[in-house]
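Per-entry structural report
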Amino acid sequence: MTSTDLRLARPFGAVGTAMVTPLTEDGHKVDLETAQQLAVHLVEHGHDMIVVSGTTGEAPTLTDVEKFELARAVRDAVGPEITVVAGVGTYDTAHSIDLAREHAKLGIDGLLVVTPYYSKPSQAGIISHTTAIADSTDLPVMLYDIPGRTGTPLAYETLLRLGENPRIRAVKDAKADLQQASRIMEQTDLVYYSGEDGLNLPWLSIGAVGIVSVVGQVAGDLERAMIDAVDRFDLAAAREAHHQLVPVVDAIMNHMPGAVAAKAALHLQGVLPHAAMRGPHVPADADQLRMLSAALDAAGLL
């Protein structure tokens, strides 16, 4: 596949991170200047996609105005060459449509729409909800299938239906059903992005076009190296990058909330001035920080 073919096959880019949302030290305000600096840092370390207002960005704690200001600030910071995607999915269809329309005015490149959470709608309800959001703007949509958080997976038939909508272009998968995804990729034009850092290489091996990562906050260069190796069919190099990432993925994804771990790790790297969180999250404790530091050091990332 040529570089042009790869660009066409990747409607949102290849290496994406659900960026943390930097806050002031008291947690009361979004620190837009630091957010811009972080976005540029990610671009300098292998990223061609940044997702704002995702779960790792503490989206449930951000006001609508904060989300709009954050998207605008990141868009301005990284320039038009970098894909900026905004999380707009909620458990309220009307609110999600409002978020989508307002974000579309900011010059971003796409929308991340999570399956409605908590209310656990039927598959028919999910189709109606998601289609209404997709049809509310001209922006391409990436579905986010993460039943561990939403309580409801996207069913095979639902994905087939949603894949018929020309604006619904991709799936960020944190469900780990590679067999279902393989069938969907064969039968629709939907492309897949790994949404689970421990499975990035398996996803890429079956045809996923990229990743939307948490660990990428601190390991973007390694993730870029892994994807580049897959693109040139160099399995040995891809495995090497994958194995180098193993301790970092474990430390960030398995011992505390990803948002907490990602901010703490960025602070340990000196990228963020502190690791303030908004409730219900609390910052990493001393034991967690020691574990994160050891994992980053083991991967050569300190």
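These numbers come from a predicted model, not from an experiment.

A word on helix 11 (residues 235-253)
When the local axis directions of helix 11 are compared, the greatest deviation, roughly 40 degrees, occurs at V246, which is followed within four positions by the proline P247. Within the span of helix 11, buried status applies to A238, A241, L245, V248, V249, A251 and I252. Summarising the contacts, the buried residues of helix 11 are in contact with helix 9 (200-205), helix 10 (216-231), helix 12 (258-268) and helix 13 (286-298).

What about the UniProt feature "active site" (unreviewed entry) in the protein?
As recorded in UniProt, the feature "active site" (unreviewed entry) lies at Y144 and K172. Sequence-wise these annotated residues cover 29 residues; spatially they are packed, their C-alpha atoms never more than 4.8 Å apart. Here, the largest pocket is lined by Y144 and K172 out of the annotated residues. By secondary structure assignment, the location of Y144 is in strand 5 (residues 141-145). Within the element layout of this structure, K172 appears in strand 6 (residues 168-173). K172 sits in the buried class, given a relative accessible area of 5%. Apart from the residues within four sequence positions on either side, K172 is in contact with L112, M142, L143, Y144, D145, Y193, G195 and V212.

Some points on the sheet that holds strand 6
Taken together, the eight strands give a closed barrel; going around it, the order is 1-2-3-4-5-6-7-8, and neighbouring strands pair in parallel fashion. Ignoring which end each strand starts from, the neighbouring axes of this sheet average 25 degrees apart. By the bridge criterion, four bridges tie strand 6 to strand 7 (residues 191-194) in an arrangement that is parallel. By the bridge assignment for strand 7, K172 is matched with Y193. Along the sheet face, helix 3 (residues 64-78) touches strand 2 (49-52) and strand 3 (83-87) and points at about 165 degrees away from the line of strand 2.

Looking at a nonpolar patch on the surface
A contiguous nonpolar surface patch, about 230 Å² in accessible area, is contributed by L268, L289 and L302. Looking at the secondary structure, you find L268 in helix 12. L268 sits in the partly exposed class, given a relative accessible area of 32%.

Side note on the pairing of strand 8 (residues 210-213)
Burial of strand 8 is two-sided: the residues G210 and V212 facing one way and the residues I211 and S213 facing the other way are all buried. Pairing analysis gives three bridges linking strand 1 (residues 15-18) to strand 8, with the strands arranged parallel. Bridge assignment links T17 to a residue of strand 8, and that residue is S213. Crossover handedness for the path strand 7 to helix 9 to strand 8: right-handed.

A look at the pattern of salt bridges
Within the structure shown, the criterion is met by 11 salt bridges. For K263, the salt bridge goes to E58, with nearest N and O atoms at 2.6 Å. Remark: E58 occurs in the loop between strand 2 and helix 3 and K263 occurs in helix 12; sequence separation between them is 205 residues. The exposure class of K263 is buried, given its relative accessible area of 1%. Looking at E58, the relative accessible area reads 3%, which means it is buried. Connected through salt bridges with shared partners, the residues D48, R224 and D228 form a single ionic network.

Topic: the UniProt feature "site: Part of a proton relay during catalysis" (unreviewed entry) in the protein
As annotated by UniProt and renumbered to match this structure, "site: Part of a proton relay during catalysis" (unreviewed entry) occupies T55 and Y118. The named residues occupy 64 residues along the chain; their greatest pairwise C-alpha distance, 14.4 Å, places them in one compact cluster. Lining the largest pocket, from this annotated set, are T55. Summarising the element assignment, T55 is placed in the loop between strand 2 and helix 3. Exposure remark for T55: the relative accessible area of 32% places this residue in the partly exposed category. Aside from chain neighbours lying at most four places away, what touches T55 is Y144, R149 and A259.

A word on empty space enclosed by the protein
Which parts of space are left empty comes out when a probe the size of a water molecule is rolled across the atoms. For the coordinates displayed, the defined rule picks out one cavity of 30 Å³ or more. Considering only enclosed or pocket space, the largest cavity measures out at about 40 Å³ in volume. Looking at the largest cavity, the residues that line it are P22, L23, D31, T34, K263, L272, P273, H274 and A276. Considered class by class, the residues forming the lining of the largest cavity number five nonpolar, two polar and two charged.

The rules behind the values
- Residues numbered from 1 in each chain as written.
- Predicted model: local features only at pLDDT ≥ 70, side-chain atom pairs only at ≥ 80, totals over all residues.
- Heavy atoms only, no water.
- Bend = angle between axes of the 7 residues up to and from the residue.
- Helix = DSSP H or I, 4+ residues; strand = E, 2+ residues; numbered from the N terminus.
- Buried < 20%, exposed > 50% of the residue type's maximum accessible area, 1.4 Å probe, protein only.
- Contact = heavy atoms within 4.5 Å.
- UniProt positions renumbered as here; feature names shortened; annotations may be inferred.
- 1 Å grid on protein atoms, 1.4 Å probe; cavity = no way out; pocket = protein on both sides within 12 Å on 5 of 7 lines; lining within 4 Å.
- Pairing = 2+ DSSP bridges.
- Axes fitted to C-alpha atoms, helices over the stretch in contact; angles between N-to-C directions.
- Patch = residues over 30% accessible without salt bridge, like charges linked within 9 Å, V, L, I, M, F, W, Y side chains within 5 Å.
- Areas by Shrake-Rupley, 256 points an atom, 1.4 Å probe, with all protein chains shown as cover.
- Salt bridge = Lys/Arg side-chain N within 4 Å of Asp/Glu carboxyl O.
- Right-handed = clockwise from strand over helix to strand, strands pointing away.
- Points joined across faces, edges and corners; volume = space filled by probe spheres on them.
- Nonpolar A, V, L, I, M, F, W, Y, C, P; charged D, E, K, R; others polar.

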